[in-house]
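# Summary of structural features
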Amino acid sequence: MPVALLPDRVLVTVVGPDATTLLQGVLTCNVETLQPGEARLGALLTPQGKILFDFLVSRIPDGFRLDVQADKAADLAKRLTLYRLRAQATIAADPTVAVAAVWAGAVPPAAEAVADSRAADLGARLYAAAGAFSADATEADYHAHRIALGVPEGGRDYAFGDAFPHEALMDQLGGVDFRKGCYVGQEVVSRMQHRGTARTRILAAAYPDTAPQPGTEITAGGKGLGTTGSAAGTRGLALVRIDRLGDALAAGETPRAGERPVTLERPAYATFAMPDVATSAAG
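Bear in mind that the values here come from a model prediction, so they are computed numbers and not experimental data.

Conventions adopted
Residues numbered from 1 in each chain as written. Predicted model: local features only at pLDDT ≥ 70, side-chain atom pairs only at ≥ 80, totals over all residues. Heavy atoms only, no water. UniProt positions renumbered as here; feature names shortened; annotations may be inferred. Helix = DSSP H or I, 4+ residues; strand = E, 2+ residues; numbered from the N terminus. Phe/Tyr/Trp six-rings, centres within 6.5 Å; stacked < 30°, edge-to-face > 60°. Buried < 20%, exposed > 50% of the residue type's maximum accessible area, 1.4 Å probe, protein only. Salt bridge = Lys/Arg side-chain N within 4 Å of Asp/Glu carboxyl O. Core = buried A, V, L, I, M, F, W, Y, C linked by side-chain atoms within 4.5 Å. pLDDT = per-residue confidence, 0-100. Contact = heavy atoms within 4.5 Å. Pairing = 2+ DSSP bridges. Axes fitted to C-alpha atoms, helices over the stretch in contact; angles between N-to-C directions.

## Side note on the UniProt feature "domain: CAF17 C-terminal" (unreviewed entry) in the protein
- Under the present numbering, the feature "domain: CAF17 C-terminal" (unreviewed entry) in UniProt falls on residues 199-270.
- Spanning residues 199-270, this segment combines 12% helix with 49% strand, and its end C-alpha atoms are found 15 Å apart.

## A look at the packing of aromatic side chains
- Inspection of the entire model under this criterion finds 2 aromatic pairs.
- Arranged with centres 6.0 Å apart and planes meeting at 55°, the rings of Trp103 and Tyr142 form a pair that is tilted. One end of the pair, Trp103, is in the loop between β7 (97-102) and β8 (112-116); the other, Tyr142, is in helix α3 (residues 139-148), with 39 residues separating them in the sequence.
- Judged by its relative accessible area of 10%, Trp103 falls in the buried class.
- Residue Tyr142 is classed as buried on the basis of its relative accessible area of 1%.
- Geometrically, the ring pair formed by Tyr158 and Phe160 is edge-to-face, given 6.1 Å between the ring centres and 75° between the ring planes. The two residues Tyr158 and Phe160 agree in class, both being buried.

## What to know about the pattern of salt bridges
- A full pass over the atoms with the stated rule returns 16 salt bridges.
- Between Asp67 and Arg9 there is a salt bridge; the shortest N-O distance is 2.8 Å. Taken together, the positions of Asp67 in strand β5 (residues 63-69) and Arg9 in strand β2 (residues 9-15) put the pair 58 residues apart, joining distant regions of the chain.
- For Asp67, a relative accessible area of 0% corresponds to the buried category.
- Classification of Arg9 as buried rests on a relative accessible area of 7%.
- Put simply, Asp8, Arg9, Asp67, Asp116, Arg118, Arg125, Glu139, Arg146, Glu153, Arg156 and Asp157 are held in one network by salt bridges that share partners.

## Description of the nonpolar core
- Within the largest apolar cluster, 52 residues are counted, with the highest numbers of intra-cluster contacts made by Ile51, Leu203, Ile218, Val240, Leu245 and Leu264.
- Taken together, the elements giving at least two residues each to this core come down to β3 (38-45), β4 (51-60), β7, α3, β10 (200-206), β11 (217-220), β13 (235-241) and α5 (242-250).
- Formed by 26 residues, the second largest nonpolar core is a distinct cluster that contains Val12, Ala19, Leu44 and Leu66.

## Re the confidence of the model for the protein
- In the predicted model, the protein carries a mean pLDDT of 94, and 97% of its residues have values of at least 70.
- Note that pLDDT drops below 50 for residues 277-283; the model gives that stretch 20 contacts with residues more than four away or on any other chain.

## A word on the sheet that holds β3
- Read across the open sheet, the 9 strands follow the order β1-β7-β9-β8-β3-β4-β5-β2-β6; overall the sheet is mixed. The open sheet has two edge strands, β1 (3-5) and β6 (90-94), and neither has a second partner. Across the sheet, the mean angle separating the axes of adjacent strands is 35° when strand polarity is ignored.
- For β3 and β8, the ladder comprises 2 bridges, and the chain directions are parallel. In the strand pairing of β8, Ala39 is matched with Asp116.
- Against the sheet, α3 touches β1, β7, β8 and β9 (124-129), its axis set at about 115° to β1.

## Description of α3
- Looking at α3, one finds that the buried residues are Tyr142, His143, His145, Arg146 and Ile147.
- Its buried side turned inward, α3 meets β1, β7, β8, β9, β12 (223-232) and β13.
- Phi turns positive one or two residues past the end of α3, at Gly150, with a value near 75°.

## Some words on helix α4 (residues 186-195)
- The complete set of buried residues in α4 reads Val188, Val189, Ser190 and Met192.
- Elements in contact with the buried residues of α4: β3.

## Quick notes on the environment of Pro7
- Tracing the backbone shows Pro7 in the loop between β1 and β2.
- Overall, Pro7 belongs to the exposed group, its relative accessible area being 61%.
- Between the C-alpha atom of Pro7 and that of Gln69, which follows or precedes it by 62 residues, the distance is 9.0 Å.
- Ignoring any residue separated from it by four or fewer positions in sequence, one finds Pro7 in contact with Ala70 and Glu139.

Shown next, in the form of structure tokens:
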């Protein structure tokens, strides 16, 4: 029963009669269809369609909570307040609730669990008063589990303000609703979806030994393919131009992260098109 406290996460609550209308009009995900006990990936974008914040959204009796990186909570609350206008909604960070993750096990009785809907086997988020229960795993254990499943996180695997939802696999992880209508940045995201123009994607990365530092350039045949993201042991994630990867593999070139050969693959849950040459051969 791995339970890991996530001290780098904080809740931002949005409550009030107009909370649903407010969030439905600005977030990438659909909060109207959000089920009780579900945590759904979502984002707030720039008007140009790039990710400013990513988070997990779940319901509370009078509104919603957004599970976000702690150092982004104040800025997220401020940005949502700018969009509130005349809406009857109260927006605030709630530092009194601790955030944890559990996977492949039971939930501590002192905590509320909501299923993390991003990917099968990822587990659940736990919310409880600080100190209500103890953890038997570390934050690093949780990230190793996340990385093994190929699930990226903003600030670790892509830069906020620089990546589109498709590049961060939000279209693959249930973080974008393409039928709900307008939201901030929606036109750009919809155009990428319908034209199939997303050439950069997060891929799973495997190394023959310890993974390189995040931000290491990935090259093949002297040409840049992308950069490495978070990693644990010999597994990691990488932001890669898949068209350039296809060209490199077709030419028989081995992708390398720095000096290390790297095998790049589509995460098991993903369905986006990959180059005809299925994977790279580390050598």
